[in-house]
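# Structural description and commentary
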Amino acid sequence: MNKLGIVLLGMLAAGPVAAGPLDIFGTAPSEARVILAGHDADVPEVIPRYSGTVTAVGPKEGERVASFKTSITDFELNEVKSWRLTILSGELLGTPFVVLANTADEIVVTEEGSLDGLVPGDLFVVEQIFTRRIIRIQ
Amino acid sequence: MKRAALALSLAVLAGPAAAQQIPTEVVDAFHSALTRQDTAGALSLLARDLIVFEFGLVDPTLEAYAFQHLPLDMNFAAATTWTLQTRRMGGSGDDRWVISTYRVTGTDVNNAPIDSLYLESVLLTRSGGNFRINHIHWSQPSGATPTGAVQGGAGAPAPAPGAAPAAPPAP
């Protein structure tokens, strides 16, 4: 998958819902089918964001998992370094991390967090929001 | 001298929002998280069984909403001001509802003014001592752009000419 970044893959118009009963409970999120709701297209993007899917996790480094492969395969080297990563599904849903580094298709998080529990198929978003880190040297 | 490193992550990573005991506070905290671009904070206020109805579209799961429309809602929240016009709440025990109407103003991508009435129904369930949102329904009344003074406080928003009164939808 390419960068989503609110570029909205497959920008399908919000057409009429198919006739028949609505299947509102069984549909999994589809990266290729983000449909704009009401006001969505009306405002500019506030911050750069890329959304994607985890395709592989690890390897484990000691007691922690620090990296994963993504469905996004065209990141610039360290393009999202220091950005905020938030997991959007699975065991780590809602857990924020800070990106330590990235390659074209891999993201590494800082030592403050472990991605233990992340599995292929989990969803994530990286956002250009920086976290202040204070290093106190004594 | 021995060196020790202390790393602190501050501010932006607000983490899960503080425990919210009053359903209206949860709703307001959710809007606040959207405005702050606080993805984790917003997610912390949503239940795992969340379903969102947004202008006729359905996000059937929390994951679907988080992936598809939460970022867009954060963009919209940052570009607009939501002024609470009316609010009712009800329910009992662990199941509550909050119905609100807002006047939403701002500027769109073309610098054109946004000035609309929004209807919002939120269902909340208390689990583990905290209320979390398990359903949101956003919509607009037809002719939702107000043209005159809007009654403040507990007053009803002024319907646009020819539009149905902006009565909150049933929970």
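Residues numbered from 1 in each chain as written. Chains lettered and ligands numbered in written order. Predicted model: local features only at pLDDT ≥ 70, side-chain atom pairs only at ≥ 80, totals over all residues. Heavy atoms only, no water.

## A word on the pattern of salt bridges
Throughout the structure, instances matching the rule amount to eight salt bridges over all chains. Of the charged contacts in the structure, one is a salt bridge between Arg49(A) and Glu127(A), with a shortest N-O distance of 2.7 Å. With a gap of 78 residues between them, Arg49(A) in strand E1 (residues 49–57) and Glu127(A) in strand E8 (residues 123–127) connect regions that are remote in the sequence. Of the residues examined, Glu127(A) reaches a relative accessible area of 0% and is grouped as buried. Its salt-bridge partner being Arg126(B), residue Asp94(B) comes within 3.0 Å of it at the nearest N-O pair. Remark: Arg126(B) occurs in strand E6 (residues 113–127) and Asp94(B) occurs in the loop between strand E4 (80–92) and strand E5 (95–107); sequence separation between them is 32 residues. When its relative accessible area of 28% is taken as the criterion, Arg126(B) is described as partly exposed. A single salt-bridge network, built from bridges that share partners, covers Arg49(A), Arg84(A) and Glu127(A). (Salt bridge = Lys/Arg side-chain N within 4 Å of Asp/Glu carboxyl O. Helix = DSSP H or I, 4+ residues; strand = E, 2+ residues; numbered from the N terminus. Buried < 20%, exposed > 50% of the residue type's maximum accessible area, 1.4 Å probe, protein only.)

## Digging into the environment of Val43(A)
Mapped onto the elements, Val43(A) comes out in the segment before E1. Beyond its immediate stretch of four places on either side in the chain, Val43(A) contacts Asn75(B), Phe76(B), Ala79(B), Thr107(B), Asp108(B), Val109(B) and Ile114(B). (Contact = heavy atoms within 4.5 Å.)

## Quick look at unusual backbone geometry
Residue and element names in this part refer to chain A. In this model, Gly-58 is joined to Pro-59 through a cis peptide bond whose omega is 15 degrees. Relative to the assigned elements, Pro-59 resides in the loop between E1 and strand E2 (60–61). Not every positive phi belongs to a glycine, and Ser-82 is a case in point at roughly 75 degrees. Its place among the elements puts Ser-82 in the loop between strand E4 (67–70) and strand E5 (84–87).

## Describing helix H3 (residues 62–79) of chain B
Residue and element names in this part refer to chain B. Compared with an ideal rise of 1.5 Å per residue, which puts 18 residues at 26 Å, H3 spans 24 Å between its outermost C-alpha atoms and is within 8% of the ideal. The largest bend in H3 comes to about 50 degrees, at His-69, with the proline Pro-71 one to four residues further on. With 16 of its 18 residues buried, H3 lies for the most part within the structure. (Expected span 1.5 Å × (residues − 1). Bend = angle between axes of the 7 residues up to and from the residue.)

## Let's talk about the confidence of the model for chain A
Per-residue confidence for chain A averages 77 on the pLDDT scale, and 64% of its residues sit at or above 70. Taken together, the stretch residues 4–19 of chain A has pLDDT below 50 and engages in 37 contacts with residues farther than four places along the chain or on a different chain. (pLDDT = per-residue confidence, 0-100.)

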